[in-house]
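# Observations on chain architecture
The residues making up each chain are set out below.
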Amino acid sequence: MINGPVWNEQELIQQGVFPTVLAVGDSWFWYLKSNLLIGLHKLMNQGRNHIILVRGANGAEATEYTSGAIRQQLEWDLNTVKGYGKTLEAVLVSGGGNDLAGPEDFVPLLLPNCSNATTAAACFKPGEPDALFKTVTTAHASTIDLVQQHLPGKPVFLHGYDYANPNGLGFLGFGQWLRVPMDMCQVPRPLQQSVVNHCIDTYWTALKALQARYPAGVVRLVDQRGTLAPTDWANELHPTPAGFRQLAKRWKPELKAAGLI
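This write-up is about the structure you can find in this document. (Residues numbered from 1 in each chain as written. Predicted model: local features only at pLDDT ≥ 70, side-chain atom pairs only at ≥ 80, totals over all residues. Heavy atoms only, no water.)

### Some details on the overall build of the protein
- Scanning the protein from terminus to terminus reveals 10 helices and 5 strands.
- For the protein, the spread of C-alpha atoms along the principal axes amounts to about 60 × 35 × 30 Å.
- Counting over 261 residues, the protein shows a buried share of 51%.
- Sequence-distant contacts, at least 24 apart, represent 76% of the contacts inside the protein between residues at least 6 apart.
- One finds the centroid of the 21 positive side-chain charges in the protein at a distance of 8 Å from the centroid of its 21 negative side-chain charges. (Helix = DSSP H or I, 4+ residues; strand = E, 2+ residues; numbered from the N terminus. Buried < 20%, exposed > 50% of the residue type's maximum accessible area, 1.4 Å probe, protein only. Contact = heavy atoms within 4.5 Å. Lys, Arg positive; Asp, Glu negative; His and termini not counted. Charge placed at Lys NZ, Arg CZ, Asp CG, Glu CD.)

Okay, structure coming up:
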(Lines give C-alpha, C1' and ligand atoms only; values in the text may rest on other atoms or scores of the structure.)
Protein backbone atom coordinates (compact mmCIF):
# COMPACT_ATOMS: atom_id res chain seq x y z
CA MET A 1 0.00 0.00 0.00
CA ILE A 2 1.26 3.46 -0.92
CA ASN A 3 1.27 5.65 2.19
CA GLY A 4 2.91 8.80 0.90
CA PRO A 5 4.52 10.48 -2.09
CA VAL A 6 6.55 8.10 -4.23
CA TRP A 7 10.14 9.10 -4.89
CA ASN A 8 11.20 5.58 -5.86
CA GLU A 9 9.30 4.40 -8.93
CA GLN A 10 10.04 0.78 -8.02
CA GLU A 11 7.35 1.03 -5.32
CA LEU A 12 4.74 1.54 -8.04
CA ILE A 13 6.08 -1.34 -10.12
CA GLN A 14 6.20 -3.71 -7.16
CA GLN A 15 2.61 -2.95 -6.19
CA GLY A 16 1.26 -2.76 -9.73
CA VAL A 17 -0.25 0.70 -9.31
CA PHE A 18 -0.11 3.89 -11.35
CA PRO A 19 0.18 7.56 -10.36
CA THR A 20 -2.76 9.93 -10.53
CA VAL A 21 -0.57 12.99 -9.90
CA LEU A 22 2.87 13.81 -11.28
CA ALA A 23 4.99 16.19 -9.20
CA VAL A 24 8.17 17.78 -10.54
CA GLY A 25 10.11 19.99 -8.24
CA ASP A 26 13.06 21.21 -6.25
CA SER A 27 13.84 20.66 -2.57
CA TRP A 28 10.36 21.77 -1.53
CA PHE A 29 9.28 18.42 -3.02
CA TRP A 30 12.49 16.54 -2.11
CA TYR A 31 13.67 17.92 1.24
CA LEU A 32 14.70 15.17 3.68
CA LYS A 33 11.97 13.94 6.06
CA SER A 34 9.89 17.09 5.65
CA ASN A 35 8.61 18.68 2.47
CA LEU A 36 5.52 20.17 0.90
CA LEU A 37 4.38 16.94 -0.76
CA ILE A 38 3.99 15.06 2.52
CA GLY A 39 1.27 17.47 3.59
CA LEU A 40 -0.26 17.57 0.12
CA HIS A 41 -0.48 13.78 0.00
CA LYS A 42 -2.38 13.72 3.28
CA LEU A 43 -4.69 16.48 2.10
CA MET A 44 -5.37 14.82 -1.24
CA ASN A 45 -6.07 11.42 0.28
CA GLN A 46 -8.68 12.40 2.85
CA GLY A 47 -11.54 11.69 0.48
CA ARG A 48 -9.78 10.34 -2.60
CA ASN A 49 -7.03 7.83 -3.33
CA HIS A 50 -4.23 9.72 -5.05
CA ILE A 51 -0.78 8.40 -5.82
CA ILE A 52 1.84 11.11 -6.29
CA LEU A 53 4.94 10.23 -8.31
CA VAL A 54 7.81 12.68 -7.74
CA ARG A 55 10.38 13.82 -10.30
CA GLY A 56 13.03 16.53 -10.19
CA ALA A 57 15.80 16.84 -7.60
CA ASN A 58 17.10 18.76 -4.63
CA GLY A 59 18.62 21.98 -5.91
CA ALA A 60 16.88 21.80 -9.28
CA GLU A 61 16.25 25.09 -11.07
CA ALA A 62 13.11 25.65 -13.12
CA THR A 63 15.18 25.91 -16.29
CA GLU A 64 16.30 22.30 -15.77
CA TYR A 65 12.75 21.12 -16.44
CA THR A 66 13.04 22.27 -20.07
CA SER A 67 15.88 20.01 -21.23
CA GLY A 68 18.14 17.17 -20.19
CA ALA A 69 17.32 14.22 -17.95
CA ILE A 70 14.40 15.78 -16.07
CA ARG A 71 12.70 16.83 -19.31
CA GLN A 72 13.19 13.42 -20.89
CA GLN A 73 11.65 11.80 -17.83
CA LEU A 74 8.65 14.14 -17.93
CA GLU A 75 8.07 13.42 -21.61
CA TRP A 76 8.00 9.71 -20.87
CA ASP A 77 5.76 10.07 -17.80
CA LEU A 78 3.17 12.16 -19.66
CA ASN A 79 3.01 9.85 -22.67
CA THR A 80 -0.40 8.16 -22.79
CA VAL A 81 0.96 5.04 -24.51
CA LYS A 82 4.36 4.37 -22.98
CA GLY A 83 4.11 6.33 -19.75
CA TYR A 84 1.53 7.24 -17.11
CA GLY A 85 -0.54 9.70 -19.13
CA LYS A 86 -3.66 7.57 -19.05
CA THR A 87 -3.98 7.76 -15.27
CA LEU A 88 -2.64 11.25 -14.53
CA GLU A 89 -5.18 13.84 -13.37
CA ALA A 90 -2.82 16.74 -12.64
CA VAL A 91 0.78 17.93 -12.55
CA LEU A 92 2.30 19.81 -9.58
CA VAL A 93 5.33 22.00 -10.20
CA SER A 94 7.70 23.53 -7.65
CA GLY A 95 10.50 25.69 -8.97
CA GLY A 96 12.01 29.14 -9.02
CA GLY A 97 13.58 29.38 -5.58
CA ASN A 98 16.91 27.84 -6.58
CA ASP A 99 17.08 30.11 -9.62
CA LEU A 100 17.45 32.98 -7.14
CA ALA A 101 19.35 31.54 -4.19
CA GLY A 102 23.09 31.56 -3.60
CA PRO A 103 25.97 33.81 -4.66
CA GLU A 104 26.03 32.53 -8.25
CA ASP A 105 22.39 33.45 -8.85
CA PHE A 106 21.58 36.22 -6.36
CA VAL A 107 24.69 38.42 -6.63
CA PRO A 108 24.26 39.07 -10.40
CA LEU A 109 20.85 40.62 -9.65
CA LEU A 110 22.17 43.14 -7.15
CA LEU A 111 24.21 46.30 -7.45
CA PRO A 112 27.82 45.79 -6.30
CA ASN A 113 27.44 48.30 -3.47
CA CYS A 114 24.01 48.70 -1.93
CA SER A 115 25.26 50.23 1.32
CA ASN A 116 23.42 53.50 0.75
CA ALA A 117 20.14 51.95 -0.43
CA THR A 118 17.02 52.82 1.53
CA THR A 119 14.51 50.68 -0.40
CA ALA A 120 14.59 47.09 -1.63
CA ALA A 121 14.09 48.09 -5.26
CA ALA A 122 17.15 50.37 -5.10
CA CYS A 123 19.41 47.37 -4.46
CA PHE A 124 18.73 45.71 -7.81
CA LYS A 125 20.39 46.24 -11.14
CA PRO A 126 18.11 47.77 -13.81
CA GLY A 127 15.51 45.26 -14.98
CA GLU A 128 15.99 42.88 -12.07
CA PRO A 129 14.60 40.76 -10.56
CA ASP A 130 11.91 40.94 -13.29
CA ALA A 131 14.27 39.56 -15.93
CA LEU A 132 15.15 36.58 -13.76
CA PHE A 133 11.54 35.66 -13.14
CA LYS A 134 10.71 36.09 -16.82
CA THR A 135 13.29 33.38 -17.45
CA VAL A 136 11.74 31.22 -14.74
CA THR A 137 8.17 31.62 -16.00
CA THR A 138 9.32 30.97 -19.57
CA ALA A 139 10.65 27.65 -18.28
CA HIS A 140 7.34 27.00 -16.51
CA ALA A 141 5.49 27.77 -19.75
CA SER A 142 7.56 25.10 -21.48
CA THR A 143 6.52 22.58 -18.83
CA ILE A 144 2.86 23.64 -19.05
CA ASP A 145 2.93 23.36 -22.83
CA LEU A 146 4.40 19.86 -22.60
CA VAL A 147 1.60 18.79 -20.25
CA GLN A 148 -1.05 20.27 -22.54
CA GLN A 149 0.50 18.59 -25.55
CA HIS A 150 0.08 15.16 -23.95
CA LEU A 151 -2.88 15.78 -21.63
CA PRO A 152 -5.01 18.64 -22.99
CA GLY A 153 -6.96 20.44 -20.29
CA LYS A 154 -5.30 18.74 -17.33
CA PRO A 155 -4.39 21.27 -14.63
CA VAL A 156 -0.84 22.30 -13.83
CA PHE A 157 -0.33 23.65 -10.30
CA LEU A 158 2.36 26.21 -9.54
CA HIS A 159 3.11 27.88 -6.23
CA GLY A 160 4.74 31.07 -5.14
CA TYR A 161 7.00 31.08 -2.12
CA ASP A 162 6.47 32.57 1.31
CA TYR A 163 8.75 35.30 2.62
CA ALA A 164 11.91 33.39 3.47
CA ASN A 165 13.97 34.53 6.44
CA PRO A 166 17.53 35.67 5.47
CA ASN A 167 19.06 34.61 8.78
CA GLY A 168 22.14 32.86 7.42
CA LEU A 169 21.04 29.38 8.50
CA GLY A 170 21.92 26.48 6.20
CA PHE A 171 21.44 22.71 6.21
CA LEU A 172 24.07 19.96 6.45
CA GLY A 173 26.81 22.22 5.15
CA PHE A 174 24.68 23.73 2.38
CA GLY A 175 23.59 27.33 2.59
CA GLN A 176 24.77 30.84 1.77
CA TRP A 177 21.47 31.23 -0.05
CA LEU A 178 20.26 34.70 0.97
CA ARG A 179 22.22 36.59 3.64
CA VAL A 180 25.68 35.84 2.26
CA PRO A 181 25.04 37.13 -1.29
CA MET A 182 23.35 40.23 0.11
CA ASP A 183 26.29 40.81 2.47
CA MET A 184 28.61 40.47 -0.51
CA CYS A 185 26.73 43.36 -2.14
CA GLN A 186 26.64 45.33 1.11
CA VAL A 187 22.87 45.31 1.44
CA PRO A 188 22.18 46.75 4.92
CA ARG A 189 21.02 43.98 7.26
CA PRO A 190 17.83 45.87 8.22
CA LEU A 191 16.90 46.00 4.53
CA GLN A 192 17.61 42.38 3.67
CA GLN A 193 14.17 41.02 4.56
CA SER A 194 12.57 43.65 2.31
CA VAL A 195 14.87 42.62 -0.54
CA VAL A 196 13.78 39.00 -0.18
CA ASN A 197 10.12 40.04 0.02
CA HIS A 198 10.53 42.11 -3.13
CA CYS A 199 11.76 39.02 -4.96
CA ILE A 200 8.90 36.87 -3.68
CA ASP A 201 6.30 39.48 -4.68
CA THR A 202 7.87 39.97 -8.11
CA TYR A 203 7.79 36.24 -8.72
CA TRP A 204 4.10 36.08 -7.79
CA THR A 205 3.32 38.89 -10.23
CA ALA A 206 5.17 36.96 -12.95
CA LEU A 207 3.20 33.80 -12.14
CA LYS A 208 -0.09 35.69 -12.44
CA ALA A 209 0.96 36.99 -15.86
CA LEU A 210 1.85 33.43 -16.90
CA GLN A 211 -1.53 32.12 -15.76
CA ALA A 212 -3.32 34.74 -17.85
CA ARG A 213 -1.80 33.30 -21.02
CA TYR A 214 -3.77 30.04 -20.70
CA PRO A 215 -7.44 29.10 -20.65
CA ALA A 216 -9.12 29.22 -17.26
CA GLY A 217 -8.35 26.19 -15.12
CA VAL A 218 -5.23 25.07 -16.97
CA VAL A 219 -2.80 26.87 -14.67
CA ARG A 220 -3.70 26.74 -10.98
CA LEU A 221 -1.72 29.08 -8.72
CA VAL A 222 -1.22 28.77 -4.96
CA ASP A 223 -0.25 31.96 -3.13
CA GLN A 224 1.71 30.97 -0.02
CA ARG A 225 2.85 34.45 1.03
CA GLY A 226 2.19 35.53 4.60
CA THR A 227 1.63 32.01 5.93
CA LEU A 228 4.71 31.44 8.07
CA ALA A 229 6.27 33.18 11.05
CA PRO A 230 10.08 33.46 11.29
CA THR A 231 10.08 30.51 13.71
CA ASP A 232 8.41 28.34 11.05
CA TRP A 233 11.62 28.33 8.96
CA ALA A 234 14.22 25.62 9.55
CA ASN A 235 16.77 27.56 7.50
CA GLU A 236 16.86 30.26 4.85
CA LEU A 237 15.02 28.24 2.19
CA HIS A 238 13.08 25.48 3.93
CA PRO A 239 10.24 25.58 6.47
CA THR A 240 10.02 23.31 9.49
CA PRO A 241 7.74 20.25 9.28
CA ALA A 242 4.96 22.30 10.90
CA GLY A 243 5.63 25.10 8.44
CA PHE A 244 5.30 22.80 5.45
CA ARG A 245 2.00 21.49 6.87
CA GLN A 246 0.70 25.05 7.07
CA LEU A 247 1.70 25.71 3.48
CA ALA A 248 0.01 22.53 2.26
CA LYS A 249 -3.29 23.81 3.61
CA ARG A 250 -3.04 26.82 1.30
CA TRP A 251 -3.46 24.45 -1.66
CA LYS A 252 -6.90 23.22 -0.58
CA PRO A 253 -9.06 25.77 -2.46
CA GLU A 254 -7.29 25.21 -5.78
CA LEU A 255 -7.20 21.43 -5.40
CA LYS A 256 -10.91 21.45 -4.61
CA ALA A 257 -11.71 23.73 -7.54
CA ALA A 258 -9.90 21.32 -9.85
CA GLY A 259 -11.87 18.35 -8.50
CA LEU A 260 -8.85 16.64 -7.00
CA ILE A 261 -10.22 16.59 -3.45
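Let us keep going from here.
### A word on the pattern of salt bridges
- Under the counting rule described, the total for this entry stands at 8 salt bridges.
- Measuring nitrogen to oxygen at the nearest pair gives 3.0 Å for the salt bridge that ties Asp 201 to Arg 225. Of this pair, Asp 201 sits in helix α8 (residues 189–211) while Arg 225 sits in the loop between β5 (219–222) and α9 (241–249), placing them 24 residues apart in sequence.
- In this structure Asp 201 comes out as partly exposed when scored by relative accessible area, which is 27%. (Salt bridge = Lys/Arg side-chain N within 4 Å of Asp/Glu carboxyl O.)

### Side note on the packing of aromatic side chains
- Taken as a whole and judged by the stated rule, the model has 8 aromatic pairs.
- Grouped by ring-pair contacts, the aromatic residues Trp 28, Phe 133, Tyr 161, Tyr 203, Trp 233 and Phe 244 constitute a single cluster. (Phe/Tyr/Trp six-rings, centres within 6.5 Å; stacked < 30°, edge-to-face > 60°.)

### Concerning the nonpolar core
- In terms of nonpolar packing, the biggest core is built from 84 residues, with Leu 36, Leu 92, Phe 106, Leu 110, Val 187 and Val 195 touching the most fellow members.
- Looking at this core, the element that brings in the most residues is α8, giving 10 residues.
- The contact partners of Leu 92, leaving out residues within four places of it in the chain, are Val 21, Leu 22, Ala 23, Val 24, Phe 29, Leu 37, Leu 40, Phe 157 and Trp 251. (Core = buried A, V, L, I, M, F, W, Y, C linked by side-chain atoms within 4.5 Å.)

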